[in-house]
Amino acid sequence: MTFNKSIPHENVLDNSLGLFFEGYLFMPNRFNRFGKDIFRTRLFGEEVICLRGEEAAKVFYDNSRFQRKGAAPKRVLKTLFGENGVQGLDDEAHKHRKALFMSLMTPERLKILVDITRKQWDDYSKKWETMKKIVLFEEAQKILCRAACEWAGVPLCFKEVNLRTDDFGAMIDAFGAVGPRYWKGRAARMRSECWMKKIIEQIRLKKLNTYEDTAAYAISWHRDLNGGLLDLQVAAVELINIVRPIVAIATYITFGAVALLQFRDCRMNLQSDTGEYEERDYMKMFVQEVRRYYPFTPFVSARVRSDFEWNGCRFTPGTMVLFDAYGTDHDARLWDKPQEFWPERFAGRKENQFDFVPQGGGDYYEGHRCPGEWITIDLMKVSLEFLIKELDYSVPEQDMGFSLSRIPSIPQSRFIISEVKRKNQPVS
């Protein structure tokens, strides 16, 4: 494999340790050092090209130039994604499988999920009034796990909630991890796939009834391009790919709670019925700024499909390419003062598919952009509105700092609250 010498590069045998130690800043540090939106290095034992920015995103999400087959490292498939899921498909197979996911994202179905989630927040908040302290991140994960399972048609009894929530959380936390966090994620993946296989088997044997508009039903009876039902393991992976990303929204909600505390003007704007922006519009801007400002997806991977040149650099088939999502969302050419938290930047902003990429870029239907992005926005809005309008609480002294070297990142304390009181409750 040969590379154009014009691509800046590091003379290292392998820089995987650098990625683990620097985390979200691994690529931004080198883009800034080289002064370009492209460089190459060695990661995971092979040569890798790294890209950043809006123009790079347009190239990276061009399906004629890149493919996802063989792009995700095995350690990610064994924990976060699962094997043979939609993330690793291309061409007609991908379009066909992606259409299954997008069919579940109708406005009617999203409203049902929002309503279920709001009820879960209400139910959980009742017991918080009797608790000395609440770790918001952990509680949000449980709320979202229960809401996701109910919405997806996945039966979840009360005694299973902690186990299933912990397993989904472990799969998410294993991304970018080594040692115990990684092995915990692998064990959680195996346990969860066995659980989902049994559910799908019961649906196919018609021993478990679930509504036809749920993910469990749709995935159980989905047929591939050859007309056959999905392999049981693949179906289990895809059903997990519905529930797991919803549980992951707890990270954004926790960061959102931190922002409400640290940026008091934003909270005042959200609580006020007057002001320059309509209340709902400001909540949308606030949610988008949380997604832009705080770390979530560090990067995404693909492999070069066809030989091409871009920006004076030659790309050859089979080459691993990483696109820096976090760095693009903090690119000073795209964002004024990107290191400042400022929701108003989204007022009237005309977005395209390639300049705001916290959950990937490109087209939802034809490309590999996350199909659950609308869910993320809606559930962040309903959750943060609940924290603002339905609860009074204290925030004890704690370490809310977060490390950009940890993938995925999360506030150190997971955001602890105490003295919870529900607002506007009827007098008995």
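None of the values given here were measured: they were computed from a predicted structure.

What counts and what doesn't
- Along each chain, residue indices are assigned from 1 in the same order as the chain's sequence is written.
- Under the rules for a predicted model, residues below a pLDDT of 70 receive no local features and side-chain atom pairs below 80 are neither given nor counted, while totals for whole chains, interfaces and linings still include all residues.
- Hydrogens are left out, water is left out, and the side-chain values use all remaining heavy atoms of the structure.
- Cavities and pockets are found on a 1 Å grid laid over the protein atoms alone: a cavity is a set of points where a 1.4 Å probe fits but cannot escape, a pocket is an open set with protein on both sides within 12 Å along at least five of seven lines, and a lining residue has an atom within 4 Å of such a point.
- Grid points are joined across faces, edges and corners, and a volume is the space filled by probe spheres set on the points.
- Counting from the N terminus, the helices are DSSP H or I runs at least four residues long and the strands are E runs at least two residues long.
- Here the nonpolar group is Ala, Val, Leu, Ile, Met, Phe, Trp, Tyr, Cys and Pro; Asp, Glu, Lys and Arg are the charged ones; every other residue, Gly included, is treated as polar.
- Residues belong to a common nonpolar core when they are buried Ala, Val, Leu, Ile, Met, Phe, Trp, Tyr or Cys residues joined through side-chain atoms within 4.5 Å.
- Only protein chains enter the accessibility calculation, which uses a 1.4 Å probe; a residue is then buried when its area is under 20% of its type maximum, exposed when over 50%, and partly exposed in between.
- Contacts are assigned to residue pairs with any non-hydrogen atoms lying within 4.5 Å of each other.
- In this analysis, rings of Phe, Tyr and Trp, with Trp reduced to its six-membered ring, are considered paired at centre separations within 6.5 Å, and the interplanar angle assigns stacked below 30 degrees, edge-to-face beyond 60, and tilted for intermediate values.
- Definition used: whenever NZ (Lys) or CZ (Arg) falls within 6 Å of the ring centre and also within 35 degrees of the ring normal, the charge is taken to sit over that ring.

Asker: Explanation requested: the layout of surface pockets in the structure shown.
Answerer: Summary: where empty space remains is shown by rolling a probe the size of a single water molecule over the atoms. The calculated volume of the second largest pocket comes to roughly 390 Å³. Taken together, 19 residues form the lining of the second largest pocket, with Phe137, Gln141, Gly169, Ala170 and Asp173 sitting closest to its centre. Those elements that provide at least two residues to the lining of the second largest pocket are helix H7 (136-152), helix H8 (161-173) and helix H9 (180-204). When residues in the lining of the second largest pocket are grouped by element, the largest group, six residues, is from H8. For the lining of the second largest pocket, the class distribution of residues is six nonpolar, five polar and eight charged.

Asker: I would appreciate a short explanation of the nonpolar core in the present structure.
Answerer: As a rule of thumb, nonpolar side chains are buried together in soluble globular proteins. Counting residues in hydrophobic clusters, the biggest one holds 97 residues, and the most contacted among them are Trp121, Phe168, Met196, Phe286, Val290, Ile375 and Leu379. Element by element, the count of residues in this core is highest for helix H11 (residues 232-262), at 19 residues. Beyond its immediate sequence surroundings of up to four residues, methionine 196 is in contact with Val154, Phe168, Ala236, Leu239, Ile240 and Val243. If you look at the next biggest cluster of nonpolar residues, it comprises 21 residues, including Ala57, Val59, Trp310 and Cys313.

Asker: Looking at this structure, how should I read the packing of aromatic side chains?
Answerer: Applying the stated criterion to the full structure yields 31 aromatic pairs. With 5.5 Å between their ring centres and 25 degrees between their planes, phenylalanine 60 and phenylalanine 323 make a pair best called stacked. Residue phenylalanine 60 is located in helix H3 (residues 54-60), and its partner phenylalanine 323 is located in strand E8 (residues 320-324); the two are separated by 263 residues in the primary sequence. Accessibility expressed as a relative area gives 0% for phenylalanine 60, which makes it buried. Through pairs of rings, three or more aromatic residues link up here, namely Phe255, Phe263, Phe286, Tyr293, Tyr294, Phe341 and Phe402. In this arrangement the basic side chain of arginine 33 is found over the ring face of phenylalanine 34, its NZ or CZ atom lying 6.0 Å from the centre. Residue placement shows arginine 292 over the ring face of tryptophan 335; its charged tip is 5.5 Å from the ring centre.

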